[in-house]
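Working through the structure, step by step
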Amino acid sequence: MLTRFDDYCIHQTTEPLAQPATSDRNFYDRHNPDGRAIDRPAHSPAATGRAGRLLLWAAALDLLFTSLGARQLWKSEARWAEVTRGMLVTGDFFKPTLNGDPYFDKPLVGYWLIAIAARITGALNEWTVRLPSVLAGLVALWATVRLGRRLWSDAVGLTAGWLLLTTYGFLF
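Scope of this entry: the structure provided in the associated data block. (Residues numbered from 1 in each chain as written. Predicted model: local features only at pLDDT ≥ 70, side-chain atom pairs only at ≥ 80, totals over all residues. Heavy atoms only, no water.)

To continue, consider the pattern of salt bridges. For the structure shown, the criterion picks out 3 salt bridges. In this structure, E77 engages R130 in a salt bridge whose closest nitrogen and oxygen atoms are separated by 3.1 Å. Remark: R130 occurs in helix α5 (residues 126-151) and E77 occurs in helix α3 (residues 75-90); sequence separation between them is 53 residues. Using a relative accessible area of 12% as the deciding quantity, one classes E77 as buried. With relative accessibility at 6%, the residue R130 sits in the buried group. (Salt bridge = Lys/Arg side-chain N within 4 Å of Asp/Glu carboxyl O. Helix = DSSP H or I, 4+ residues; strand = E, 2+ residues; numbered from the N terminus. Buried < 20%, exposed > 50% of the residue type's maximum accessible area, 1.4 Å probe, protein only.)

What follows is the structure, encoded as structure tokens:
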């Protein structure tokens, strides 16, 4: 005899409770507490997932890349550019300097990514200084959408992606 809790009441039943199959990742998304399947409408967000994902990524590329080099560098960005310029000039990529003084304020990987972008594009300007941050933002957006999709559903993943993409701190 099993005990089941429904709506704050205890019921005793001889029926086995519905158990998710190990390969059924969306069990809880498609079943109610009684274990009966829930029918989805034909025009649910899951039915239009591909168009939603394409729109999200098109908006992400537009918002992140459109004005990448349009404005001047901010305070910290100017420091990152100067440290990277010093690395490129001296060829020493393990001892960052700022105006000749050692500058170990940030991890070296950020400077290395800016240096790689500068080598690929052939210039060290606003666009190349911001390029690693934009690429990291795209990776963060992909991870957010993927995590939402894997844990819940396509609609949750897309919603989480839109929330992240339109957050002020993420864009500026």
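Now for the packing of aromatic side chains. Taken as a whole and assessed by the stated rule, the structure comprises 1 aromatic pair. Their ring planes at 75° and their centres at 5.6 Å tell us that F94 and W112 sit as a pair that is edge-to-face. Residue F94 is located in the loop between α3 and β3 (97-98), and its partner W112 is located in helix α4 (residues 108-121); the two are separated by 18 residues in the primary sequence. With relative accessibility at 30%, the residue W112 sits in the partly exposed group. (Phe/Tyr/Trp six-rings, centres within 6.5 Å; stacked < 30°, edge-to-face > 60°.)

One finds L56, A60 and L165 to be the most contacted residues of the largest nonpolar core, which totals 13 residues. For this core, the elements supplying multiple residues, two or more each, are α2 (49-65), α5 and α6 (154-165). No other element matches the 5 residues that α5 contributes to this core. In contact with L165, not counting residues within four places along its chain, are L56, A59, A60, L63, L141, F170 and L171. (Core = buried A, V, L, I, M, F, W, Y, C linked by side-chain atoms within 4.5 Å. Contact = heavy atoms within 4.5 Å.)

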